[in-house]
Amino acid sequence: MPGLVIVGAQWGDEGKGKVVDLLAERADAVVRFQGGNNAGHTIVRDGEEFKFHLVPSGILYPGKTCVIGNGVVVDPAVLLSELEGLRGAGIDVSGLKVSANAHLIMPYHIILDHSGEARLGKQEIGTTKRGIGPCYADKAARLGIRVQDMLDEKILKKKIMAALEPKKLMLRPYEKDRRFAEMLDLQKMTEDLLTFGHRLEKHIADTSTLVWRTLDEGKLALFEGAQATMLDIDHGTYPFVTSSNPVAGAVTTGAGVGIHDIDEIWGVAKAYATRVGAGPFPTELFDETGDRLRANGREFGTTTGRPRRCGWIDLVALRYAVRLNTLDALVVTKLDVLTGLDRIKVCTKYRGADDATFDTFPYHQSVLHRACGEYEELPGWTEDLTECRTESDLPAAARDYLAFLEEQAGIPIVQIGVGPGREQQIWTESGRAVSAIQEHASA
Ligand code: IMP
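Residues numbered from 1 in each chain as written. Predicted model: local features only at pLDDT ≥ 70, side-chain atom pairs only at ≥ 80, totals over all residues. Heavy atoms only, no water.

Participant: Go over the overall build of the chain with me, naming the residues and quoting the values.
Facilitator: When helices and strands are tallied, the chain shows 16 helices and 20 strands. Computed over its C-alpha atoms, the radius of gyration of the chain comes to 22 Å, within 12% of the 22 Å expected for a compact globule of 443 residues. For the chain, the proportion of its 443 residues judged to be buried stands at 56%. In the chain, the proportion of contacts linking residues at least 24 apart, taken out of those at least 6 apart, comes to 75%. Here the chain displays about 18600 Å² of accessible surface, and carbon together with sulfur accounts for 51% of that area. (Helix = DSSP H or I, 4+ residues; strand = E, 2+ residues; numbered from the N terminus. Rg over C-alpha atoms; globule rule 2.2 N^0.38 Å. Buried < 20%, exposed > 50% of the residue type's maximum accessible area, 1.4 Å probe, protein only. Contact = heavy atoms within 4.5 Å. Areas by Shrake-Rupley, 256 points an atom, 1.4 Å probe, with all protein chains shown as cover.)

Participant: So what about the pairing of strand S7 (residues 96-99)? Which residues, and what values?
Facilitator: Taken together, the 3 bridges between strand S5 (residues 65-68) and S7 define a ladder with parallel strand orientation. If you follow Val67 over to S7, its bridge partner there is Lys97. Bridge analysis of S7 against strand S9 (residues 204-205) gives 2 bridges, and the strand direction is parallel. By the bridge assignment, Val98 is partnered in S9 with Ile204. (Pairing = 2+ DSSP bridges.)

Participant: Outline the pairing of strand S2 (residues 29-32), listing residues and values.
Facilitator: Of the two faces of S2, the one holding Ala29 and Val31 and the one holding Val30 and Arg32 are both buried throughout. With 4 bridges connecting them, S2 and S5 associate as parallel partners. By the bridge assignment for S5, Ala29 is matched with Thr65. Note: S2 against strand S10 (residues 221-224), 4 bridges, orientation parallel.

Participant: A description of the site of the ligand should follow, citing residues and the corresponding values.
Facilitator: Near the ligand there are 15 residues, and of these Asp13, Asn38, Thr128, Thr242 and Arg306 occur at the shortest range. Separating an oxygen atom of the ligand from a side-chain N or O atom of Thr128 is a distance of 2.5 Å. Residue Gln227 places a side-chain N or O atom 3.3 Å away from a nitrogen atom belonging to the ligand. The protein chains hide 97% of the 470 Å² of surface that the ligand would expose on its own. Its residues assigned to classes, the shell around the ligand comprises 6 nonpolar, 7 polar and 2 charged. Taken domain by domain, the makeup of the shell around the ligand includes at least three residues from each of domain 1 (3-88 + 206-441) and domain 2 (103-201). (Near = heavy atom within 4 Å. Polar contact = N/O pair within 3.5 Å; in protein donor to acceptor, adjacent residues only side chain to side chain. Nonpolar A, V, L, I, M, F, W, Y, C, P; charged D, E, K, R; others polar. Domains from an automatic or database assignment.)

Participant: Which residues make up helix H14 (residues 396-409), and what values do they have?
Facilitator: In this model, H14 (14 residues) spans 20 Å end to end at C-alpha, consistent with the 20 Å of a helix rising 1.5 Å per residue. The complete set of buried residues in H14 reads Ala397, Ala398, Tyr401, Leu402, Phe404, Leu405, Gln408 and Ala409. For H14, the angular spread of buried residues about the axis comes to 155 degrees, placing them on one side. Across from the buried face of H14, at angles greater than 90 degrees, the exposed residues are Asp400 and Glu407. Taken together, the buried residues of H14 touch strand S14 (313-314), helix H12 (315-325), strand S15 (329-333), strand S16 (343-351), strand S18 (372-379) and strand S19 (413-417). After H14 finishes, the residue Gly410 shows a positive phi value of roughly 80 degrees. (Expected span 1.5 Å × (residues − 1). Arc of directions from axis to C-beta.)

Participant: Explain the nonpolar core to me, using residue names and the numbers behind them.
Facilitator: By size, the foremost hydrophobic cluster in this structure holds 59 residues, and its most contacted members are Leu79, Tyr108, Leu222 and Trp266. Those residues within four positions of Leu79 in sequence are excluded, and the remaining contacts are Leu54, Val55, Ile68, Val74, Leu96, Val98 and Leu200. Of all hydrophobic cores here, the second largest spans 56 residues; its members include Phe223, Ala269, Leu327 and Leu338. (Core = buried A, V, L, I, M, F, W, Y, C linked by side-chain atoms within 4.5 Å.)

Participant: Help me get a handle on the pattern of salt bridges, residues and values and all.
Facilitator: Under the criterion given, the structure shown has 21 salt bridges. In this structure, Arg179 and Asp177 form a salt bridge, with 3.9 Å as the shortest nitrogen-oxygen distance. Take Asp177: its relative accessible area is 30%, and that puts it in the partly exposed class. Here Lys270 and Glu299 are joined by a salt bridge, their closest N and O atoms 2.9 Å apart. In this pair, Lys270 sits in strand S11 (residues 264-270) while Glu299 sits in the loop between helix H11 (288-296) and strand S13 (309-311), placing the two residues 29 residues apart along the sequence. A residue is classified by how much of its surface remains accessible, and Lys270, at 0% relative accessible area, is buried. Look at Glu299 and you get buried, because its relative accessible area is 0%. Connected via shared salt-bridge partners are Asp13, Lys270, Glu299, Arg308 and Lys334. (Salt bridge = Lys/Arg side-chain N within 4 Å of Asp/Glu carboxyl O.)

Participant: How would you sum up the domain arrangement of the chain? Please name residues and give values.
Facilitator: Under the domain assignment, the chain is made up of domain 1 (3-88 + 206-441) and domain 2 (103-201). With centres defined by C-alpha atoms, the gap from domain 1 to domain 2 works out at 30 Å. At the interface, 28 residues of domain 1 touch 21 residues of domain 2. When the area that domain 1 buries against domain 2 is broken down by residue, the three leading residues are Val73, Pro76 and Leu80, summing to 29%. Applying the counting rule to domain 1 against domain 2 returns 1 salt bridge. Of all the secondary-structure elements, those providing two or more residues to the side of domain 1 that touches domain 2 are strand S6 (73-74) and helix H2 (76-88). Per-element accounting of the side of domain 1 that touches domain 2 gives the leading share, 6 residues, to H2. (Buried area = accessible area lost by both parts, 1.4 Å probe.)

Shown next as structure tokens:
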């Protein structure tokens, strides 16, 4: 019963969607377990680019079971528009199932996300302003509206009234603005949700049992993480984090499976590092090398279009992600972006404010905020990698770079990305040896 979890090992946008998309062909179910439409996945299939925010990456395979688990927060308008877009492109979306227990992002959550950031001013977190944080806050406060509530008008209205009550004061300024007043109108909100519920009804399901069936029948279930380890609300760079747990362990709460259902955990990391939004980023580059990585790697947010902050790969953070998620293997993406650099820097330690160096991820925020990377330098390469299809096609310097990452991370690299296309993902020899999933992938 192979369960494979794929998580981001850095600050997000590592290319998880593409990895999932490739493996999804042989999987029985692809399952999202946290986050919402703050995520953004770009998948290139036969030259056509698809962008998803909410729908699992496996949706491009006709009829594939694609699950939005209970741990995901769902903006129903966004979900419906993604489904419409897919249908318009001729894609069969009948396999999409949404947990009846997933929480809904409500219009007031989006307003509160905007107002929360505005209140913080210069100290803002740089959220995607999609209402993610306020929605998870309501879930924890037991004031959440769930997917199943869209199917019952009476319950829905009652729950919305209860949820709005403690927010009245904060929302009052917005009620004066016609645009927001309409978003906050109880009657309209209820009617919209009932319509959404009606349109989504055939997709609403008890998704845990669906996933159990896949696992119990010995078929491959892929659990697709969103965001990444360093954005985890408990283990990331709090408060500059998202409001869910993107670490692998969250698959148990967010999809309703047990720890023993998981057979392999892969982390996805870029060959360098990026971050969107505010918060510590010890290897950030503020020079032309950073600009070059941004331009060559097309490092602009899929969800917000914001330019991503770019830097060298951070092995202190990566080793932390390996341990925290108990990663079995790494996928290194976007290796081709490093082509043309004379020397490539790799952060192996941090230097603190007191000039002392350390090589483990600091728990104390003041230490982390002042830490900067200490580097080893490796030779670069000039060859274009985008046509490489096996490890041996890679120049020696690129192979040496990967070997260094493997040694430092302490786990094998299972796949290497050399471009956005499906054919530009290389399985490694050590990956084939370590991963039972390979058998499924090529079955
Ligand atoms: P939120 O998830 O919208 O609340 O944003 C909180 C932080 O997580 C911000 O720094 C966002 O930029 C970041 N974030 C959220 N989703 C993603 C993602 O999919 N990739 C990268 N960063 C993300």
